[in-house]
Amino acid sequence: MKQIFRKLALAAMLMAAPSLMSAANNKPGDFTVGDKTFLLNGQPFIVKAAEVHYPRIPRPYWEHRIKMCKALGMNAICIYIFWNIHEQQEGVFDFTGNNDVAEFCRLAQKNGMYVIVRPGPYVCAEWEMGGLPWWLLKKKDIKLRERDPYFMERVKIFEEKVGEQLADLTIQNGGPIIMIQVENEYGSYGEDKPYVSEIRDCLREIYRPTPLPHREGPGEGLLLFQCDWSSNFTKNGLDDLVWTMNFGTGANIDDQFRRLGELRPNAPKMCSEFWSGWFDKWGARHETRPAKDMVEGMDEMLSKGISFSLYMTHGGTSFGHWAGANSPGFAPDVTSYDYDAPINEYGLATPKFWELRKMMEKYNDGKKMPAVPKAPMPIITVPKFQLTEFAPLISAITKPVNGAIKTFEEMDMGWGTMMYSTRLPEITSQSVLSGEFHDFAQVFIDKKYIGKIDRVKNEKSLTLPAVKKGAELIIIVEGMGRINFGRAIKDFKGIVGNVTLTTETDEAEIVLTPKNWMNVAIPDDYETAKNALDMVKGVNDQMTAGKVKGSVPALALTQGYEGSKKLADIMKPGYHRGYFTLKKVGDTFLNFETWGKGQVYVNGHAMGRIWSIGPQQTLYVPGCWLKKGKNEVIVLDVVGPREAVVWGQAEPELNKLQLEKSNKHNNIGDKPDLNSATPAATGAFKAGNGWQTIKFNGQKKGRFLAIECLSTQKNGDRVAIAELYLQGTDGKRISREPWKTKYANSEDESGNHLGDKVFDLQESTYWQTEKSASMPHLIVIDLGSVQTVTALEYLPRAEQGAPGSVKDFKIYLY
Ligand code: GLA
Ligand code: CA
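What about the overall build of the protein chain?
- The secondary structure content of the protein chain amounts to 12 helices and 40 strands.
- Here the C-alpha atoms of the protein chain give a radius of gyration of 28 Å, agreeing with the 28 Å that 2.2 N^0.38 yields for 814 residues.
- Once the C-alpha set of the protein chain is aligned to its principal axes, its extents read approximately 85 × 75 × 50 Å.
- Counting the 814 residues in the protein chain, one finds 60% classified as buried.
- Carbon together with sulfur atoms contributes 51% to the accessible area of the protein chain, which is approximately 31,800 Å² in total.
- In the protein chain, 99 side chains carry a positive charge and 98 a negative one; their mean positions are 3 Å apart.

So, the domain arrangement of the protein chain
- Here the protein chain is partitioned into domain 1 (2–321 + 335–363), domain 2 (382–390 + 525–649), domain 3 (405–514) and domain 4 (668–813).
- On a C-alpha basis, the centres of domain 1 and domain 3 stand 41 Å from each other.
- At the junction of the two partners, domain 1 supplies 25 residues and domain 3 supplies 18 residues.
- Contact between domain 1 and domain 3 buries roughly 1,900 Å² in total, counting both sides, with carbon and sulfur atoms accounting for 61%.
- For the domain 1 face of the interface with domain 3, the top three residues by lost area are Trp134, Leu137 and Tyr189, together amounting to 32%.
- Connecting domain 1 to domain 3 are 4 salt bridges.
- Close ionic contact of Arg482 with Glu128 constitutes a salt bridge, the shortest N to O distance being 2.7 Å.
- At the boundary of domain 1 with domain 3, the tally comes to 10 residue pairs in polar contact (both at pLDDT 80 or more).

Re the coordination of the calcium ion (ligand 2)
- Taken together, the protein donors to the calcium ion (ligand 2) comprise Ala722 (O), Glu723 (OE), Lys757 (O), Asp760 (OD), Gln762 (O), Thr765 (O) and Thr765 (OG1), at separations of 2.3 to 2.6 Å.
- Sequence spacing among the residues donating to the calcium ion (ligand 2) works out to A-E-x33-K-x2-D-x1-Q-x2-T.
- For Thr765, a relative accessible area of 4% puts it in the buried group.

Considering the pattern of salt bridges
- Across all of its chains, the model carries 51 salt bridges by this definition.
- With a closest N to O distance of 2.8 Å, Glu436 and Lys460 form a salt bridge. Taken as a pair, Glu436 in strand β18 (residues 431–438) and Lys460 in the loop between β20 (448–454) and β21 (461–464) lie far apart in primary sequence, 24 residues in all.
- Glu436 sits in the partly exposed class, given a relative accessible area of 30%.
- Residue Glu632 pairs with Arg577 through a salt bridge whose shortest N-O separation is 3.5 Å. Of this pair, Glu632 sits in strand β31 (residues 629–637) while Arg577 sits in strand β26 (residues 574–582), and the two are 55 residues apart along the sequence. Across this residue pair, the class does not change: Glu632 and Arg577 are buried.

Description of the environment of Lys572
- Within the secondary structure layout, Lys572 lies in the loop between α12 (560–564) and β26.
- A relative accessible area of 27% means that Lys572 is categorised as partly exposed.
- With 76 residues separating them in the primary sequence, Lys572 and Gly648 have C-alpha atoms 25 Å apart.

Remarks on the nonpolar core
- Judged by nonpolar contacts, the single largest core of 110 residues is most densely connected at Met74, Ile77, Leu144, Phe151, Leu166, Met298 and Leu356.
- A total of 7 residues in this core trace back to one element, the largest contributor, which is helix α5 (residues 149–166).
- When residues of this core are assigned to domains, at least three fall in each of domain 1 (2–321 + 335–363) and domain 3 (405–514).
- Beyond its immediate sequence surroundings of up to four residues, Met298 is in contact with Met74, Phe274, Phe308, Leu310, Leu356, Met359 and Met360.

Describing the sheet that holds β26
- The 5 strands are arranged β15-β26-β31-β28-β29 in an open sheet whose pairing can be described as antiparallel. Of all strands in the sheet, those bounded by a partner on one side alone are β15 (389–392) and β29 (605–611). Ignoring strand direction, the axes of neighbouring strands in this sheet form an average angle of 20 degrees.
- With 4 bridges joining them, β15 and β26 adopt antiparallel strand pairing. Directly across from Phe390, in β26, lies its bridge partner His576.
- Along the sheet face, helix α10 (residues 526–544) touches β15, β26, β28 (597–602) and β31 and points at about 90 degrees away from the line of β26.

Reading the values: rules and limits
- Residues numbered from 1 in each chain as written.
- Chains lettered and ligands numbered in written order.
- Predicted model: local features only at pLDDT ≥ 70, side-chain atom pairs only at ≥ 80, totals over all residues.
- Heavy atoms only, no water.
- Helix = DSSP H or I, 4+ residues; strand = E, 2+ residues; numbered from the N terminus.
- Rg over C-alpha atoms; globule rule 2.2 N^0.38 Å.
- Buried < 20%, exposed > 50% of the residue type's maximum accessible area, 1.4 Å probe, protein only.
- Areas by Shrake-Rupley, 256 points an atom, 1.4 Å probe, with all protein chains shown as cover.
- Lys, Arg positive; Asp, Glu negative; His and termini not counted.
- Charge placed at Lys NZ, Arg CZ, Asp CG, Glu CD.
- Domains from an automatic or database assignment.
- Contact = heavy atoms within 4.5 Å.
- Buried area = accessible area lost by both parts, 1.4 Å probe.
- Salt bridge = Lys/Arg side-chain N within 4 Å of Asp/Glu carboxyl O.
- Polar contact = N/O pair within 3.5 Å; in protein donor to acceptor, adjacent residues only side chain to side chain.
- Donors = N, O, S within 2.8 Å, 3.2 Å for Na, K, Ca; no water.
- Core = buried A, V, L, I, M, F, W, Y, C linked by side-chain atoms within 4.5 Å.
- Pairing = 2+ DSSP bridges.
- Axes fitted to C-alpha atoms, helices over the stretch in contact; angles between N-to-C directions.

Here it is in structure tokens:
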């Protein structure tokens, strides 16, 4: 009934405003599949979609960004729906404000743009847990993205809630939505058609066929599709869904669609994610991709009638704690999601934008390109200011829970920091503290800093000095984004499992497992930060008034940040507050390069993570969240700043690393001597793109895999490899989760082509040697433990002609 009313209201509105009925506007229609093409109301149609994510854009800027996409000659917007931003607590849904996805779709329609919706439930997207809500992990044994009854129950409830927002906005109902995606790249997660089918059925039911006024009987309903890679889409391909491919700039387009063409010669072709650039992770260089490759790829697709969605056309920002992390290993993403996209993080046109626009004009039916809109805000600078107020993290402590060690999830906390403490018995020699610390642990004994255990570096242990009986061990663990890709998405935070202390004597190894802990959860939110600062300030004010004698937190505040430097190490992680005054409001980039590691809030808005290691050193602060007069900045720094100062600059700094040492794996001591070793295989790879398998002569055993590259297909000295797998005795790929690069004679670090790119699960990233380095090249991978293997799978660079592909090789296991 409600739905009918809404439709009537819409019809009335339409009659009243006929001018709205342009290209994408308001008349019920349909979007279907014809012979080798999509059909919009029966007419062949090429989708030119721009991927943007509404939660990564402040709502006041939504329409500007949509207009920017339109100015590129796009005819659609492609969006993900991040489940976890809409249902932050189980059963509590939010589709208001920056989460008002229906309004976002209506704005797209108002601007003559169609919409493609990708509602997950899993989305990846370098977003916390790939869009899944953390609270699912409160059921410890949950199976994510599988037919786990609880998982499926929650998925259905969520999808229905999304349906309440969007089902009225399908093209069949006069709205802009033309397609909806089922799950996301399931092929790189597993093989499970029954699960994917259940997601399909759930969406089909919600966006079911509705009778069309211009046609007898029910229409076909919203068009459902599934996306994957050309190398794996058949694994979960359902007969009744449209299949689309994802690949990056530079790819050989014909190759990418070859298999689809063989299986479904009459199907329309669509690249559902054409990667314009790439995402950045902490501790590695800013990623870029050449404009030329992107524009040529899109030109080629358009000339062949291939539809696409440009991922990202405008990346925006993963505000607050929403940036995710990649695996294998743990590679958290930075706050900026600039992506080297044609429209930059703050909504402006880049050189890539202009090149793309020029090319797109060829396919604009001879019409003038839509105008490039004016930026909604000017860019401003802010002079350097001090953050003088300080409250130690431990002043935010509430409700400790005593007993066994607990994860964030067990403490019912999604994001933040936990402090764990226990008392130790006397240990007369050094000991090794070990455990799973997710993600950044700092260890203190009797308030003195001992060291850190950083998951990004794969660290799991730390040597402790001898301690006296009753010494207090404190471990502060900061959680970063949950893993968003691969099997590791089940990513609990805090200390996972037991912590042990191991001492070795000549006679024995003694392992101590402390059982009595105090667990304290300190959530990452503005209220917690503000309350801690206000509380300390309150004590301080009373102290100034002579009402109380100096307490430690108060001391920290009275003497500001300078005072905190004199305090015990344990007092250094904490909240800092300062203010700046504006005469004119605008977008700016606040610089945090003198700070340690943590989170920033501006006027109560969670702006994102900072970390001195870079490459991102500034945070984008949209002018729409600033005001004339006094603006507040709070920084939670779990390490402590070098200097507690901030300033606003006119340009972002996304590519400044401040690392203790380089990420290269060229330590000569790690290079094996292979002179006397027998290769597991020698031979030559074939030329061209795509996977190849090299069978070993029988079973080979070893902890390390070494590949010596003796020549390339095109006689150059420069080698590139995209991915490697080893097959076990059952002929199946062995897990690469424990893999690490042990040695590589040469790595092109400026382009981020380090050794670990050969096992990062991404077919579009690769290890590449430097231009200047000469043959032979060697890469050595530590498999984590001794493995018995039977074959190697090799993927050269995905770009046309497989640049840098290896010819003669020797493979060793030792
Ligand atoms: C895949 C996913 C996207 C995104 C990109 C990389 O294609 O589907 O969500 O993670 O990789 O940016
Ligand atoms: Ca790779």
